[in-house]
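What follows is each chain in one-letter form.
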Amino acid sequence: MSQRQHRGIGMTSARTRDRLIERLRTEGIINQAVLERIRTTPRHLFVDEALASRAYEDTALPIGFGQTISQPYIVAVMTEALIRDLPPGEKLGKVLEIGTGCGYQTAVLAPFVEHIYSLERIRPLFQRAKERLRTLDINNVTLRYADGRHGWQSQAPFDGIVVTAAPHEIPQGLLSQLEDGGRLLIPVGHRGEQGLVCVTRDGDDFQRRALGLVSFVPLVEGIER
Ligand code: SAH
């Protein structure tokens, strides 16, 4: 590719990124740091080259193996909810992510967290995400190829848990891995009728808040070989 073509793509992305951020604002995202992070995260590097021109549309896109990269709006909503109440400049301690996929949500979240532990059940996605995050110099992340339905007991408790695939019910084991005051963001329900739920732990009490309808791939049992 010539230098000119390179620059051309860069300019298009700058414009289309601005348009995406404007759209997220219109849709109600107000956290400036989250918007800025989404603007500067190169989403086109998380999808196939053939889809790169659509990377800054506010839509989910296929990443192979029947899975998708999440819609930027949903990534923004989850990130915003997770770091709500965090004083500016401070970071959450440990966050568990279930469903690494291409690693986009991981990358968006990375600067707001001391360390992210992320689980993925499809090996090629896990491997690619690992390489991609390393290339992008995102180093506060530990990825693991495993079934995430039971969380990551040896690293618990977590200040936040983000699940990016939908179970029919909230797995109880995940609640027990939440730190007191910590938050779990999880899509729950069957295809076509999923709701995004935010659970905040207050001692033995778990407060649930509904954050609207969403459409995630299902949380699947076991690992894929
Ligand atoms: N977080 C991604 C979205 C990934 S789609 C993004 O930022 O775009 C959801 C991912 O969850 C898929 O890659 C799927 O393989 C994974 N997944 C589904 N069930 C899982 C499970 N039990 N454990 C770990 N990962 C799972």
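Fair warning: this is a prediction, and the values are worked out from it, not measured in the lab.

Rules of the game
Residues numbered from 1 in each chain as written. Predicted model: local features only at pLDDT ≥ 70, side-chain atom pairs only at ≥ 80, totals over all residues. Heavy atoms only, no water. Buried < 20%, exposed > 50% of the residue type's maximum accessible area, 1.4 Å probe, protein only. Helix = DSSP H or I, 4+ residues; strand = E, 2+ residues; numbered from the N terminus. Pairing = 2+ DSSP bridges. Core = buried A, V, L, I, M, F, W, Y, C linked by side-chain atoms within 4.5 Å. Contact = heavy atoms within 4.5 Å.

A few words now on the pairing of strand 6 (residues 158-163). By the criterion of burial, strand 6 is predominantly enclosed, with five of the six residues buried. Here strand 3 (residues 92-98) pairs with strand 6 via four bridges, running parallel. Paired with Ile98 across the bridge in strand 6 is Val163. Pairing of strand 6 with strand 7 (residues 178-188), which is carried by four bridges, proceeds in the parallel orientation. Bridge pairing links Ile161 to Leu184 in strand 7.

Bringing the nonpolar core into the picture now. Ranked by internal contacts, the top residues of the largest apolar core, which has 50 residues, are Leu24, Ile38, Ile69 and Tyr104. Tallying contributions element by element places helix 3 (residues 72-82) first for this core, with seven residues. When neighbours within four sequence positions are excluded, Ile69 is seen to be in contact with Arg43, Phe46, Val47, Ala60, Leu61, Ile63, Cys102 and Tyr104. In terms of nonpolar packing, the next biggest core, distinct from the first, is built from 21 residues, Leu119, Trp152, Ile170 and Val199 among them.

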